[in-house]
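What follows is the residue order along each chain.
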Amino acid sequence: MIVGKSGICIRSIMRMLQHCPKEYGSQGIVPFLIALGIFLQGCGLVFDAVEWVHPLARHELSAICSKGQVRVGISVEPFRPFVFPAVYTDEGVRVTGLDVELIREVADALTTYCGGQTPIVPTLHLTRFHDLFLEMIEGKLDMFVSSNGGNIPGARPAGLWYSIPYFHNDGIGAIIQNPEVAERVRAQFRKQAGNPDTLAAIQAGLSGLTVAAQKGTTSSLYAEANLLNVRLLICDSLPASVETKDPHIDVILSKHSILDYVTNHVWPDWHLLTRNDGAPLLLTQENFSVVTVEENRRLQWFLNNLLYRLDETGRLERMRRRWLEEDYAPTRRAATEGLPFEVSKVPDHYDQGQCRFAAGR
Amino acid sequence: MKFRVLLLISPSLVFFLTWSSISWAQAPREEIENTAQHLATLLNVGRLIVQRNQALINDPRIGNKGFTPEVFEQQVLDEFIRETHIDLKHDSSQLPSLAKELLPVLLESSKEVVADAQLVINQRGIGYKNFVPATFGSQAARKFSNRSYVKIKQTTLNPRNLKNTPDAYEENLLKRLATKPAIDTSITEWIDNGTTLRAVTPIYYSQDCLVCHGDPKGILDISGYPREGAKEGELAGAISIRIPVNKR
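Residues numbered from 1 in each chain as written. Chains lettered and ligands numbered in written order. Predicted model: local features only at pLDDT ≥ 70, side-chain atom pairs only at ≥ 80, totals over all residues.

Quick look at the overall build of chain B
- Tallying secondary structure elements over chain B gives eight helices and four strands in all.
- Listing every helix and strand of chain B by position from the N terminus yields α-α-α-α-α-α-β-α-β-β-α-β.
- With 248 residues in all, chain B has 34% of them scored as buried.
- Taking contacts inside chain B between residues at least 6 apart in sequence as the whole, the part at least 24 apart equals 68%. (Helix = DSSP H or I, 4+ residues; strand = E, 2+ residues; numbered from the N terminus. Buried ≥ 20, exposed ≤ 12 C-beta atoms within 10 Å, placed from the backbone. Contact = placed C-beta atoms within 7 Å.)

Overview of the overall build of chain A
- Looking only at helices and strands, one finds 15 helices and 13 strands in chain A.
- Residues counted as buried form 42% of the 361 residues belonging to chain A.
- Restricting to contacts in chain A with at least 6 residues of sequence separation, those with at least 24 account for 75%.

Structural notes on the nonpolar core
- Among the nonpolar cores identified, the biggest contains 134 residues, and Val95(A), Val211(A) and Leu39(B) are the most heavily contacted of them.
- Tallying contributions element by element places helix 1 (residues 2–52) of chain B first for this core, with nine residues.
- Here this core spans two domains, since at least three of its residues come from each of domain 2 (64–167 + 287–345) and domain 3 (170–286) of chain A.
- Once you skip the residues sitting within four places of it in the chain, Val95(A) turns out to touch Ile74(A), Val83(A), Phe84(A), Ala86(A), Val100(A), Leu124(A), Leu126(A), Ala334(A), Gly338(A), Leu339(A) and Phe341(A). (Core = buried A, V, L, I, M, F, W, Y, C linked by C-beta atoms within 7 Å. Domains from an automatic or database assignment.)

Examining the pairing of strand 3 (residues 196–204) of chain B
Residues and elements named next belong to chain B.
- Here strand 3 lies mainly inside the structure; seven of its nine residues are buried.
- The sheet contact formed by strand 2 (residues 187–191) and strand 3 spans five bridges and is antiparallel. Residue pairing in the sheet places Trp-190 in a bridge with Leu-197 of strand 3.
- Two successive antiparallel strands, strand 2 and strand 3, enclose a turn made up of four residues, where Asp-192 displays a positive phi of approximately 50 degrees.
- As judged from the nine bridges shared by strand 3 and strand 4 (residues 235–244), these two strands associate in the antiparallel manner. Bridge pairing in strand 4 links Pro-202 to Ala-238. (Pairing = 2+ DSSP bridges.)

Thoughts on the interface of chain B and chain A
- Listed as interface residues are 23 residues of chain B and, on the opposing side, 20 residues of chain A.
- Mapped onto the side of chain B that touches chain A, the elements with two or more residues apiece are helix 5 (118–121) and helix 6 (133–146) of chain B.
- Among the elements that take part in the side of chain B that touches chain A, helix 6 of chain B stands out by supplying three residues, more than any other.
- Partitioned by chemical class, the residues of the side of chain B that touches chain A number seven nonpolar, twelve polar and four charged. (Nonpolar A, V, L, I, M, F, W, Y, C, P; charged D, E, K, R; others polar.)

Observations concerning the packing of helix 8 (residues 179–192) of chain A against helix 9 (residues 198–205) of chain A
Residue and element names in this part refer to chain A.
- In the contact formed by helix 8 and helix 9, the axes pass within 8 Å of each other and the chain directions differ by 135 degrees. One way to sum up the angle between helix 8 and helix 9 is to call them oblique. Read as a crossing pair, helix 8 and helix 9 show a hand that is right-handed. Of the residues in helix 9, those in contact with Arg-184, Val-185, Gln-188, Phe-189 and Gln-192 of helix 8 are Ala-201, Ile-202, Ala-204 and Gly-205.
- Grouping the constituent residues of the contact of helix 8 with helix 9 by class yields five nonpolar, three polar and one charged. (Axes fitted to C-alpha atoms, helices over the stretch in contact; angles between N-to-C directions. Parallel < 35°, antiparallel > 145°, perpendicular 65-115°, else oblique. Left-handed = near helix turned anticlockwise from the far one by under 90°.)

What about unusual backbone geometry?
- Between Arg80(A) and the following residue, Pro81(A), the backbone shows a cis peptide bond with an omega angle of 5 degrees.
- Within the secondary structure, Pro81(A) sits in the loop between strand 1 (69–75) and strand 2 (87–89).
- Note that the residue after Asp246(A), namely Pro247(A), is joined by a cis bond; omega there is 5 degrees.
- Secondary-structure assignment places Pro247(A) in the loop between helix 11 (238–243) and strand 10 (251–255).
- Even without being glycine, Ser147(A) reaches a positive phi, approximately 35 degrees.
- Mapping Ser147(A) onto the fold places it in strand 5 (residues 143–149).
- Taking the C-beta count within 10 Å as the criterion, Ser147(A) has 27 such neighbours and is therefore assigned buried.
- Unlike most non-glycine residues, Asn193(B) shows phi in positive territory, near 60 degrees.

Re the pairing of strand 5 of chain A
All names here are of chain A.
- Most of strand 5 sits out of view: seven of its seven residues are buried.
- Here two bridges tie strand 1 to strand 5, and the two strands are oriented parallel to one another. Bridged to Val-72 within strand 5 is Met-143.

Keep in mind these numbers describe shape, not what the thing actually does.
Put into structure tokens, the structure is as follows:
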């Protein structure tokens, strides 16, 4: 804390007084510290001292414990296999996917943290992807999980914090329908003769083509920054880009793992763009994180420690194999392990939206 | 003389009182059995309406399908009239009072299920949504049972949803029904010394059901469950209703 933040500091202390009058009042520590703070020019020291004396002052984790629920945002646009479209089950409307399984893990760990007496219920807010950031900053969510990486330039709005990865080594991939597009890119790789430069091959190979990416995602950030010679379409969702016929779309960019799933299970007319030897072609590397706000320091440590443990026990790897490699029906998984969500929070008459040319292109 | 008159009157009086007490006891029983039949019919009609609209519900090209709770309700009311000649909305005078009390609750529960599913139904670009007669029926029965002392449940011998597992009574009955020709009425029985009615209404596979429940047996259907290898007309399961007499 510094002198300039004394106003914030005093508000924080007042808030703590409001929540914990008995504890502080009985000990008589707070009046003393406040008086001290008036004499001290920087009351940050006081705040830190109060925190030190009483570390259980109300914070985001204790708020979750006392409410018995954690508010988690998740994208309403399907990012299969991370989040599948909502389906109806014997239990009502449910969503499922790798991200949903992770949310269950977080909720279970929170239950343990909160004493295990009452389960912490994850309250899912299905929201348009680009609105997740806003809802997070406005304090409507405790966190969001939406196959979202923070290591792409421009992907981290100010005030948000990204956890250590729960999904490693993904990246932006591309799908096409016309084999000639693949040949154009392969020709560029051949020219490089053993000295691969993916960015150069993609820039030259896709030059003049129509490329689509979803609004607000890292793939649209990548395209805006690196693919200056393409006609860039920004779409409201991945299904919207697949459905758009006019203008004709040559290439769709999205997360490689998502494109791998949908070309195998949903849109067999589209094919992954690969390297010349058939290996996966990733345009950049991306790790997916859980997102919360900068101020939630305790929640941040909680998430990082949990994800580290899930990683070292192999749980994250098992989740990855379960959703990306196993043969399964999402509907059945939704029925047995899906989570409900607040229907009232979902945008009215959700549909997958449309595509439009990027501004200035 | 007076004594002789009394001797003559007494047996008549005893007979009259006995007969009338039997009638008084039987009247609510008939009413309850009748109500159970109507409840099963109404739930089945709801399932039928969902099945009839399946192509619309699963059409990925359309966003707002227009299959609203009100549209659903109207179709249910029309079909209910067709099957029973009873107009639930405007003239339910033919119904026993218990049915007049319970049928609107089931209809409202069914509408709520359709309302809850609007988000799923109206997704554009998504084909199969698993809003099918079975999932509709499970939720409608549960919602109704939660707000009533009458319990309704869908059940079958090999349930996909374990919550639909039959109890011993239902299992025994389902096994018997499976070996007999199809019937279109409920099987009713008074149990627990006549204090509770159990009514089981069989459901048989139609051609539409076989897309998921037919051949090839064991191969996963679109929702990820192994097909049962069923044939048209075979027993699919039943609607099981339990109505206690004394908890009204």
